[in-house]
Amino acid sequence: MNSLTQSSPELHRTGEPVEDVASVGSLTCTACGYAVAAAAISGGLPRCPACGGSRFRRASIFERPTVDADAVAPALSTPAWVTELRTETVGHPQVAFEYEGRPRAMKLPRGWTRIGRSAAADIRLDDATVSRRHALIVHTDEGMRVLDDRSLNGLFVNGERADWAPLSDGDELEIGRYRLYVIAPA
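For clarity, every value in this text was computed on a predicted model and none was experimentally measured. (Residues numbered from 1 in each chain as written. Predicted model: local features only at pLDDT ≥ 70, side-chain atom pairs only at ≥ 80, totals over all residues. Heavy atoms only, no water.)

Some thoughts on the packing of aromatic side chains
Per the stated rule, a full pass over the model turns up 2 aromatic pairs. An angle of 80° between the planes, with centres 6.0 Å apart, marks the rings of Trp-81 and Tyr-181 as edge-to-face. Of this pair, Trp-81 sits in helix 1 (residues 80–88) while Tyr-181 sits in strand 15 (residues 178–183), and the two are 100 residues apart along the sequence. We classify Trp-81 as buried; its relative accessible area is 15%. Measuring from ring centre to ring centre gives 5.9 Å for Tyr-99 and Tyr-178, while their planes differ by 25°; the resulting arrangement is stacked. Of this pair, Tyr-99 sits in strand 5 (residues 94–99) while Tyr-178 sits in strand 15; the two residues are 79 residues apart in sequence, bridging distant segments of the chain. A cation over an aromatic ring shows up here: Arg-177 above the ring of Tyr-178, its NZ or CZ 4.7 Å from the ring centre. (Phe/Tyr/Trp six-rings, centres within 6.5 Å; stacked < 30°, edge-to-face > 60°. Helix = DSSP H or I, 4+ residues; strand = E, 2+ residues; numbered from the N terminus. Buried < 20%, exposed > 50% of the residue type's maximum accessible area, 1.4 Å probe, protein only. Lys NZ or Arg CZ within 6 Å of the ring centre and 35° of its normal.)

Set out below in structure tokens:
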């Protein structure tokens, strides 16, 4: 009997072939609650990216994600390429991130900047760990703030789970598997 016809919640383990998991929806780590999009899995179930756990269950649309904020830590140090981009930045605040192995910097204009997997996003991060509408950054005369746009895996600012948080130069945003760095010249 496969997991789609099972009447009780079935547990899945690391290394289990994806075909047995029916690659749609999300799986939740039973140890920490971290949600993983099944579509992102190829070959077999990986270990949980947050805690290293090896047991997963189907995620329900009726539950609130329970990601353990302590399991998501900021980078040990800012990558060298961020420092290089910082010296090139003049005038406009930016977010810098690595995409497909290359550093990128995107200007943050006044108003709202959408970040997500959707083609309508201003900053598009095409990965299943990123929600279609993951986060919004607002840039006004008073400064910058970031809003979690009801994402599945959450938004983390400097390693702390955030729904609505101020941003300043050097802050690190974690959106899915991506780390974005705020560069805001004085």
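Examining the sheet that holds strand 15
The strand order 6-5-15-14-11-12 describes an open sheet built from 6 strands, whose pairing is antiparallel. Where the open sheet ends on each side, the last strands, each with one partner, are strand 6 (102–107) and strand 12 (160–161). Of the strand pairs in this sheet, strand 11 (residues 155–157) and strand 14 (residues 172–175) are connected by 3 bridges, and their pairing is antiparallel. Within strand 14, the position partnered with Val-157 by the bridge is Leu-173. Seen against the sheet, helix 1 touches strand 5, strand 6 and strand 15 and runs at an angle of roughly 30° to strand 15. (Pairing = 2+ DSSP bridges. Contact = heavy atoms within 4.5 Å. Axes fitted to C-alpha atoms, helices over the stretch in contact; angles between N-to-C directions.)

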